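A closer look at the structure
If you want the building blocks of each chain, they are given just below.
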Amino acid sequence: MMSKRTKRRAKLLREQYKLRGYWRQPKRERPAKVAAAPDDARQRVKGFYKSWEWKQARYLFLKTHELRCECCGASKESGAQIVVDHIKSIRRNWNLRFDQSNLQALCNDCNMGKGSTDETDWRVFDPGQLTPPAGDWLN
Ligand SMILES: [Zn+2]
């Protein structure tokens, strides 16, 4: 049995968490954030996306995959611009830059939202598999 004081403290803590916006979101839904890459890695990546080798790898991917956003389902027909995303950022995984299995189709909006620190693989992501954490997190 919790004392009044413990209950009050738990309530305060919960309110703090809500204010910070991470109370209602189950832990497993939070994207895996990784540290930002150093500036020279950023420059290298910038040049890479302009290279002919990348355009060739990107073309091959587009040619062999359905052009639908793996995250939100948007397609060219629904007015979305589909881009080819590196699931694991090449800033930190330079060796994966041409790896076709590290590529996924995303719409421009989802790709911008994902950024370079989130490594969610939307091809296998199944929201049905998410389970809420134990406890009274919904209260
Ligand atoms: Zn999308």
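Here is what the cut-offs are and how they apply
- Residues numbered from 1 in each chain as written.
- Predicted model: local features only at pLDDT ≥ 70, side-chain atom pairs only at ≥ 80, totals over all residues.
- Helix = DSSP H or I, 4+ residues; strand = E, 2+ residues; numbered from the N terminus.
- Buried ≥ 20, exposed ≤ 12 C-beta atoms within 10 Å, placed from the backbone.
- Core = buried A, V, L, I, M, F, W, Y, C linked by C-beta atoms within 7 Å.
- Contact = placed C-beta atoms within 7 Å.
- pLDDT = per-residue confidence, 0-100.
- Pairing = 2+ DSSP bridges.

Regarding the overall build of the chain
Helix and strand counts for the chain stand at four helices and two strands. Across the chain, helices and strands are ordered from the amino to the carboxyl terminus as α-α-α-β-β-α. Residues classed as buried in the chain amount to 13% of the 139 residues present.

Structural notes on the nonpolar core
Among the nonpolar cores identified, the biggest contains eight residues, and these are Cys69, Cys71, Ala74, Ile82, Ala105, Leu106, Cys107 and Cys110. Considering every element that reaches this core, the biggest residue donor is strand β2 (residues 103–107), with three residues. Among all residues touching alanine 105, those that are not within four sequence positions of it are His65, Leu67, Arg68, Cys69, Glu70, Ile82 and Val84.

Quick look at the confidence of the model for the chain
Averaged over all residues, the pLDDT of the chain equals 81, while 75% of them reach at least 70. For the stretch residues 132–139, pLDDT sits under 50, and the model shows five contacts to residues farther than four places along the chain or on other chains.

Quick look at the pairing of β2
Among the five residues of β2, five are classified as buried, and the element is accordingly described as predominantly covered. Along β2, one buried face is formed by Leu103, Ala105 and Cys107 and the opposite face, lined by Gln104 and Leu106, is buried too. As paired elements, strand β1 (residues 82–86) and β2 share five bridges and run antiparallel to each other. Bridge assignment links valine 83 to a residue of β2, and that residue is leucine 106.

Remarks on the environment of alanine 41
Examined against the element boundaries, alanine 41 turns out to sit in helix α2 (residues 39–48). Each C-alpha atom of the pair alanine 41 and arginine 91 lies 5.5 Å from the other, and the pair is 50 residues apart in sequence.

Structural notes on the environment of leucine 67
Along the chain, leucine 67 turns up in the loop between α3 (52–64) and β1. In this structure leucine 67 comes out as partly exposed when scored by C-beta crowding, with 16 C-beta atoms within 10 Å. On a C-alpha basis, the gap between leucine 67 and alanine 80 in space is 9.9 Å, while along the polypeptide they are 13 residues apart. If near-sequence neighbours (up to four positions away) are discounted, leucine 67 is found in contact with Leu62, Ser75, Lys76, Ile82 and Ala105.

Concerning the environment of valine 124
Tracing the sequence through the fold places valine 124 in the segment after α4 (108–114). Sequence separation of valine 124 and glutamate 70 is 54 residues, and the distance between their C-alpha atoms is 9.0 Å.

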